[in-house]
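Here's the letter readout for the chains.
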Amino acid sequence: MNDSNQGFDTLRIHAGYNPDDHQHSATVPIYQNAAFTLGTAERGRLAALGKVPAYTYSRLMNPTVRAFEERVARLDGGVDAVAVASGMAAVTYAVLSLAEGAGRIVLPHDIYGASLDEFLTLFPKYGVDFDLVDDINDADELRAAIRPDTKAVFVESITNPGTHVTDVDRVSAVAHDAGVPLIVDNTFPTPYLFRPIEHGADIVLYSSTKGLNGHGNAIGGVIVDAGRFPWDSPRFPQFTEAEFTLYDEDERRSRSFHEVYGDAAYAKRLRAKYLRLFGAVLGPQEAYLSLLGLETISERLDKEVRNATEIARYLKTNPHVTQLFYSGLEGDAQEALVERDFPKGIGAILAFNVEGGEPRVERIIDNTRVFSYLPNVGDVRSLIVNPIRITHREIPFDLREKDNIGGSTIRLSIGLEDVRDLIEDLDQAIAKAYLD
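The structure contained in this document is the topic of the report that follows. On a predicted model such as this, the values are computed, not experimentally measured, just so you know. (Residues numbered from 1 in each chain as written. Predicted model: local features only at pLDDT ≥ 70, side-chain atom pairs only at ≥ 80, totals over all residues. Heavy atoms only, no water.)

Secondary structure assignment for the chain yields 16 helices and 14 strands. The C-alpha extent of the chain, read off along each of the three principal axes, is 80 × 50 × 35 Å. In the structure as shown, the chain presents an accessible area of about 17,800 Å², 51% of it carried by carbon and sulfur atoms. Each charge sign in the chain was given a centre, from 44 positive and 65 negative side chains, and these centres are 4 Å apart. (Helix = DSSP H or I, 4+ residues; strand = E, 2+ residues; numbered from the N terminus. Areas by Shrake-Rupley, 256 points an atom, 1.4 Å probe, with all protein chains shown as cover. Lys, Arg positive; Asp, Glu negative; His and termini not counted. Charge placed at Lys NZ, Arg CZ, Asp CG, Glu CD.)

Turning next to the packing of helix H12 (residues 297–317) against helix H16 (residues 419–433). At a minimum axis separation of 10 Å, H12 and H16 run at an interaxial angle of 30 degrees. Comparing the axis directions of H12 and H16 gives the class roughly parallel. As for the relative orientation of H12 and H16, their crossing is right-handed in sense. Residue-level inspection shows Asn307, Glu310, Ile311, Tyr314 and Leu315 of H12 in contact with H16, the latter providing Val419, Leu422, Ile423, Leu426, Asp427 and Ile430. Class assignment of the residues belonging to the contact of H12 with H16 gives a composition of eight nonpolar, one polar and two charged. (Axes fitted to C-alpha atoms, helices over the stretch in contact; angles between N-to-C directions. Parallel < 35°, antiparallel > 145°, perpendicular 65-115°, else oblique. Left-handed = near helix turned anticlockwise from the far one by under 90°. Contact = heavy atoms within 4.5 Å. Nonpolar A, V, L, I, M, F, W, Y, C, P; charged D, E, K, R; others polar.)

Before going further, it helps to spend a moment on empty space enclosed by the protein. The gaps of empty space that remain are located by a probe, the size of a water molecule, rolled over the atoms. Tallying each qualifying case throughout the model produces three cavities of 30 Å³ or more. Size it by volume and the largest cavity reaches roughly 50 Å³. Every residue along the wall of the largest cavity is listed here: Ser58, Leu60, Met61, Asn62, Val65, Glu69, Ala83, Arg271, Leu275, Val281 and Leu282. (1 Å grid on protein atoms, 1.4 Å probe; cavity = no way out; pocket = protein on both sides within 12 Å on 5 of 7 lines; lining within 4 Å. Points joined across faces, edges and corners; volume = space filled by probe spheres on them.)

A full pass over the atoms with the stated rule returns 29 salt bridges. Lys402 is the salt-bridge partner of Asp134, the closest N and O atoms lying 2.9 Å from each other. Of the two residues, Asp134 sits in the loop between strand E3 (128–133) and helix H6 (139–145) while Lys402 sits in helix H15 (residues 397–403), which places them 268 residues apart along the sequence. Classification of Lys402 as partly exposed rests on a relative accessible area of 45%. (Salt bridge = Lys/Arg side-chain N within 4 Å of Asp/Glu carboxyl O. Buried < 20%, exposed > 50% of the residue type's maximum accessible area, 1.4 Å probe, protein only.)

Across the sheet, five strands lie side by side as E10-E11-E14-E13-E12; this open sheet has mixed pairing. With one partner strand each, in any of the chains shown, strand E10 (321–325) and strand E12 (372–373) form the two edges of the open sheet. Packed onto the sheet, helix H14 (residues 358–367) meets strand E11 (349–354), E12, strand E13 (383–385) and strand E14 (409–413) and runs at close to 30 degrees relative to E14. (Pairing = 2+ DSSP bridges.)

In this model, the largest pocket occupies a volume close to 1,100 Å³. Lining of the largest pocket is provided by 34 residues; of these, Ala54, Leu60, Met61, Lys268 and Arg271 occupy positions nearest its centre. Looking at the lining of the largest pocket, the elements with two or more residues in it are helix H2 (41–48), helix H3 (63–76), strand E8 (243–248), helix H9 (257–261) and helix H10 (265–278). If you tally residues by element for the lining of the largest pocket, the top one is H10, at five residues.

By size, the foremost hydrophobic cluster in this structure holds 82 residues, and its most contacted members are Phe68, Val153, Ile311, Leu315, Leu350, Leu412 and Ile414. At eight residues, the largest contribution of residues to this core is made by H12. With residues near it in sequence (within four places) discarded, Val153 still touches Val106, Ile136, Leu142, Ile146, Val171, Ala175, Val180, Pro181, Leu182 and Ile183. Formed by 41 residues, the second largest nonpolar core is a distinct cluster that contains Val84, Ala90, Ile223 and Tyr266. (Core = buried A, V, L, I, M, F, W, Y, C linked by side-chain atoms within 4.5 Å.)

Okay, the environment of Leu193 next. Assignment of secondary structure puts Leu193 in helix H8 (residues 190–193). Given a relative accessible area of 4%, Leu193 falls into the buried group. The contact partners of Leu193, leaving out residues within four places of it in the chain, are Leu301, Val305, Asp341, Phe342, Lys344, Gly345, Ile346 and Gly347.

The next point concerns the packing of helix H4 (residues 87–99) against H10. What describes two packed helices is the angle between their axes and the distance between those same axes. The interhelical angle for the contact between H4 and H10, taken along N-to-C directions, is 110 degrees, at an axis separation of 11 Å. By the angle between their axes, H4 is roughly perpendicular relative to H10. Handedness of the crossing formed by H4 with H10: right-handed. Seen from H4, the contacting residues are Tyr93, Ala94, Leu96, Ser97 and Leu98; seen from H10, they are Tyr266, Arg269, Leu270, Tyr274, Leu275 and Phe278. Grouping the amino acids of the contact of H4 with H10 by side-chain chemistry returns nine nonpolar, one polar and one charged.

Okay, H14 next. When we look at burial in H14, the residues that qualify are Glu358, Arg360, Val361, Ile364, Ile365 and Asn367. Buried positions along H14 lie against E11, E12, E13, E14 and H16.

Here Ser256 is to be found in the loop between strand E9 (253–255) and H9. Classification of Ser256 by relative accessible area gives buried; the value is 7%. In the structure, Ser256 is positioned 10 residues away from Leu246 in sequence and 6.9 Å away in space, judged by C-alpha atoms. If sequence neighbours within four positions are ignored, Ser256 has contacts with Phe239, Thr240, Glu241, Ala242 and Leu246.

Shown next, in the form of structure tokens:
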């Protein structure tokens, strides 16, 4: 079903899949195979040249995975998407495919711990450097950070765990004025709560492990191409250089990705050069589980946001809570931005600081009975974690202090349980932590 006028809730169930092409199976089949027969020698030749659509090898493309890619691309309003083995693989491929051995990325200092660790300690070893800004929504600060060799601005739509909301409209305007694309990690809100491409994003990333899937049963990532950035820019010669793998036997010359694929050059090159050669492939089983998760994304997130909002209100009144991180709550400094861009809410993740430091945090965690203590978010189960010990331990001390994220911080990912049970669980755990 490919009607461009279909709504989100129709696309999340039908986009990217036609039962007529799959033995009339109502649900997407799991194509658990490595390779596909090519038929005739001529069909194989044309398939290798990209002149006829064909599945050849699952490292490049698989029908189950492809349905997932097309569904996410449609939900986000992109021209194409490439699924990969994890959210971190999505970050890695998105950045390396733009910088490629030389260049800089501008990003805020308060992003997810593993992503920040990669920017601080790993990308520079591959010739990709970075520039941190304190307030990504400050247009003047962002503009000053972009240099002639900057290859992209990288942001999270909602930060982890501080839930700071990025003004994607403002950031994209500054980036585009400077001739660079905007990469948005939209993992927390998913396209149900926020569609970054509509606000100027050029590339959208997901850890599909989280809210897209929603059930904590499969690792995965997705990179969505908006199809709007001018990839023939001199800043990105990799898209206009002649590529041997795009050699045209009839014309006897090599072509570029931009020449062959135009607006979809980014996604096509990402698949051909990064997914195919670096090989962080999403398996068909994981794609199938993620497709199942997408079918209930609206109902899941609606309830999770309601639950998270009620829990945030409760925490705000708890005498042992010294600071609440949830930009979706009324009265927050970003309330106007949230109302404009997130009318359905910012998501199910929040954090808070408690008095007494890390010993009290450990007692609270140990005394919860409904919350699960584990390093994930976006699950149907409610989750609790102490970030600096588990998910954000890579963040340098000065950056932790800047955002007041430390030993007193607890992060919650709110699920689908009865919200009364969740509040009671937190209330009794916090009370027991302060008995002495």
